[in-house]
Amino acid sequence: MGTVPRAAWPFCEKLYDNVHQIFKAPTDEQLHTHTVVVCTYDHSAVFWGTGLARGHFSHILLDEAANALEPRAMIPLQLAAPETAIVLAGDDRQIAPQVQSPSASHHGLKRSMLLRLCSSDFFAQPGTHVELSVNYRSHPALLQLPSDLFYDGMLTSGADLKKVDAFCKWPRLPVKDLPLLFVGVEGRDEQSAESASFMNKKEAMMVVDLVQKLLLELKGGQATAQPGDIAVVTAYYRQTILVRQYLQQRGINGVDVGGVENIQGREKKAVFVTCVRARRQLMAYDQKFGLGFLFDEKRLNTALTRATSLLVLVADPYVVAEEPHWRKLLQWCVQLKCYQGPDIN
């Protein structure tokens, strides 16, 4: 019950069993009295288990289809009949399905149904798919590089500037009205005895310092940001734990800290990205095992496009410059005078 968003609760309340404190599967009668049913891919199996007939739904819409394993996407499709309209929506240039097995990835499990179908001859024909090119989430200045890097320059901003300029006057920004900051940090990526994952204390401290400064910023006597408006994104579990510890030590609670998967499909007013990696000799290790941001352009694209009003990148400039996408990102920030840190000229 505590995990259900307040806005969704009125639509879930009838399924909640207060005695056993669990949600029950809807009955056939309940299903037939609603024209729209929203659920996860996995939970759609409940409808099949209750004996719901194929074709009950005139339309089946799969959201975030580019992020779903194909076997998982097949679960709701078992309810389709020949006349059912099926819509797959997603961005195949963002984070792909997560597969731990190298063999399974090699044999195609990492490829989503959406990507497989879009790569087929049929969907290569005009009029068989729709590609959306307007982003209604982010400040225009934050979309320019992702558009150039990942969308062939076709992505444009349709956001209401009054809603996405919340932090354009933040004193920590190098350029007024440009809500972008790249902070170069020469730290150390370390491992602890408790985990094989990596952490970078200097980067973590820098991120927490910046988060605290943003939270203390006032406008008209009111805070411009609340902890819930902020996400800290990292690709390493140990860095996640470290950032959370540093935030708690300063009495800051409510900031969303986690991996890219944690924020996929969501948005935050302010996003802080900590890259962690500081040793060139470990870059080949990252590339081999698919770790971090450096060699996963879909993961990087996802992280960059979660912010609506402020994007802050914290990384070792000498290390990230070794990777083409990160190098362009760094060069872009330098050209815009949004870079702060060691001299990289």
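Our structure's up above, just so we're on the same page.
Not measured: the values here are computed from a predicted model. (Residues numbered from 1 in each chain as written. Predicted model: local features only at pLDDT ≥ 70, side-chain atom pairs only at ≥ 80, totals over all residues. Heavy atoms only, no water.)

## Considering the overall build of the protein chain
Reasoning step 1: The helix and strand inventory of the protein chain stands at 15 helices and 16 strands.
Reasoning step 2: Taking 345 residues into account, the globule formula puts the C-alpha radius of gyration at 20 Å, and the protein chain, at 22 Å, falls close to it.
Reasoning step 3: Based on the C-alpha atoms only, the size of the protein chain along its principal axes is roughly 65 × 50 × 45 Å.
Reasoning step 4: Within the protein chain, the fraction of its 345 residues that count as buried is 43%.
Reasoning step 5: Look at the contacts in the protein chain between residues 6 or more apart in sequence, and 70% of them connect residues 24 or more apart.
Reasoning step 6: Working note: accessible area of the protein chain is about 18,900 Å², and carbon and sulfur atoms make up 53% of it. (Helix = DSSP H or I, 4+ residues; strand = E, 2+ residues; numbered from the N terminus. Rg over C-alpha atoms; globule rule 2.2 N^0.38 Å. Buried < 20%, exposed > 50% of the residue type's maximum accessible area, 1.4 Å probe, protein only. Contact = heavy atoms within 4.5 Å. Areas by Shrake-Rupley, 256 points an atom, 1.4 Å probe, with all protein chains shown as cover.)

## Considering the environment of Tyr151
Reasoning step 1: Residue placement: Tyr151 occurs in the loop between helix H7 (140–150) and strand E6 (156–157).
Reasoning step 2: Here Tyr151 falls in the buried class, since its relative accessible area comes to 10%.
Reasoning step 3: Not counting the four nearest positions on each side in its chain, Tyr151 is found in contact with Asp91, Arg93, Gln94, Pro146 and Asn301.
Reasoning step 4: Within the structure, the side chain of Tyr151 is placed 3.3 Å from the side chain of Gln94, a separation counted as a polar contact. (Polar contact = N/O pair within 3.5 Å; in protein donor to acceptor, adjacent residues only side chain to side chain.)

## With respect to the environment of Leu88
Reasoning step 1: As for its position among the elements, Leu88 is in strand E4 (residues 85–88).
Reasoning step 2: Taking C-alpha positions, Leu88 is 6.4 Å from Asp63, a pair spaced 25 residues apart along the chain.
Reasoning step 3: Residue contacts for Leu88: discarding those within four places in its chain leaves Leu62, Ala65, Met113, Leu114 and Leu117.

## Concerning the pattern of salt bridges
Reasoning step 1: Per the counting criterion, the structure on display carries twelve salt bridges.
Reasoning step 2: Of the charged contacts, one joins Asp209 and Arg250 as a salt bridge, the two residues approaching to 2.6 Å between their closest N and O atoms. Of this pair, Asp209 sits in helix H9 (residues 201–216) while Arg250 sits in the loop between helix H10 (237–249) and strand E13 (256–258), and the two are 41 residues apart along the sequence.
Reasoning step 3: A salt bridge links Asp256 to Arg266, with the shortest nitrogen-to-oxygen separation between them at 2.6 Å. Residue Asp256 is located in strand E13, and its partner Arg266 is located in the loop between helix H11 (260–263) and strand E14 (268–274); the two are separated by ten residues in the primary sequence.
Reasoning step 4: For Asp256, a relative accessible area of 17% gives the class buried. (Salt bridge = Lys/Arg side-chain N within 4 Å of Asp/Glu carboxyl O.)

## Details of the pairing of strand E12 (residues 230–234)
Reasoning step 1: Within E12, five of the five residues are buried, leaving the element largely enclosed by the surrounding structure.
Reasoning step 2: Residues Ile230, Val232 and Thr234 point to one face of E12 and Ala231 and Val233 to the other, with burial holding for every one of them.
Reasoning step 3: Relative to E14, E12 runs parallel, the two being bridged by five bridges. In the sheet register, Val233 faces E14, and the bridge partner there is Val273.
Reasoning step 4: Of the pairings in the sheet, the one linking E12 to E13 comprises three bridges and is parallel in character. If you follow Ala231 over to E13, its bridge partner there is Asp256. (Pairing = 2+ DSSP bridges.)

## Comments concerning the packing of aromatic side chains
Reasoning step 1: Following the criterion strictly, the structure yields eight aromatic pairs and no others.
Reasoning step 2: Between Phe122 and Phe123, the aromatic rings sit 5.0 Å apart at their centres with planes inclined by 90°, giving edge-to-face as the arrangement.
Reasoning step 3: Between Phe182 and Tyr339, the ring centres sit 5.9 Å apart and the planes meet at 50°, which makes this aromatic pair tilted. Of this pair, Phe182 sits in strand E7 (residues 180–184) while Tyr339 sits in strand E16 (residues 339–340); the two residues are 157 residues apart in sequence, bridging distant segments of the chain.
Reasoning step 4: One aromatic cluster is present, built from ring pairs that chain together Trp9, Tyr16 and Phe23. (Phe/Tyr/Trp six-rings, centres within 6.5 Å; stacked < 30°, edge-to-face > 60°.)

## Brief notes about the nonpolar core
Reasoning step 1: Of all hydrophobic cores here, the largest spans 38 residues; its most connected members are Phe182, Val233, Val273, Leu311, Trp326, Leu329 and Cys333.
Reasoning step 2: Per-element accounting of this core gives the leading share, six residues, to H7.
Reasoning step 3: If we skip the residues at most four places from it in the chain, Leu329 touches Leu145, Leu304 and Leu313.
Reasoning step 4: Leu210, Val211, Val243 and Val314 belong to the second-largest nonpolar core, a separate cluster that totals 29 residues. (Core = buried A, V, L, I, M, F, W, Y, C linked by side-chain atoms within 4.5 Å.)

## Examining the state of the cysteines
What makes a disulfide is a covalent bond joining the sulfur atoms belonging to two cysteines.
Reasoning step 1: Counted according to the given criterion, the structure contains zero disulfides.
Reasoning step 2: In this structure Cys12 is not part of a disulfide, and its nearest cysteine sulfur, from Cys39, lies 11 Å away.
Reasoning step 3: Assessed through its relative accessible area of 23%, Cys12 is described here as partly exposed.
Reasoning step 4: The exposure class assigned to Cys39 is partly exposed, which follows from its relative accessible area of 36%. (Disulfide = S-S within 2.5 Å.)

## Describing the sheet that holds E12
Reasoning step 1: If you trace the six strands from one edge of the open sheet to the other, you get E13-E12-E14-E15-E7-E16, paired in parallel fashion. In this open sheet, the two strands that pair with only one neighbour each are E13 and E16.
Reasoning step 2: When E7 meets E16, the two strands line up parallel, connected through two bridges. In the sheet register, Phe182 faces E16, and the bridge partner there is Tyr339.

## Digging into the packing of H7 against helix H15 (residues 324–335)
Reasoning step 1: Two elements in contact, H7 and H15, have axes separated by 11 Å at closest approach and are oriented at 145°. In the packing of H7 onto H15, the handedness of the crossing is right-handed. Packed against H7, whose contacting residues are Ala141, Gln144, Leu145, Leu149 and Phe150, the element H15 presents His325, Lys328, Leu329 and Trp332 at the interface.
Reasoning step 2: Among the residues forming the contact of H7 with H15, the class breakdown is six nonpolar, two polar and one charged. (Axes fitted to C-alpha atoms, helices over the stretch in contact; angles between N-to-C directions. Left-handed = near helix turned anticlockwise from the far one by under 90°. Nonpolar A, V, L, I, M, F, W, Y, C, P; charged D, E, K, R; others polar.)

## Regarding the pairing of strand E3 (residues 59–62)
Reasoning step 1: Residue alternation in E3 divides its side chains into a buried set, Ile60 and Leu62, and an unburied set, His59 and Leu61.
Reasoning step 2: The pairing of E3 with E4 spans four bridges and is classified as parallel. Directly across from His59, in E4, lies its bridge partner Ala85.
Reasoning step 3: Running through helix H4 (residues 70–77), the crossover from E3 to the neighbouring parallel element E4 is right-handed. (Right-handed = clockwise from strand over helix to strand, strands pointing away.)

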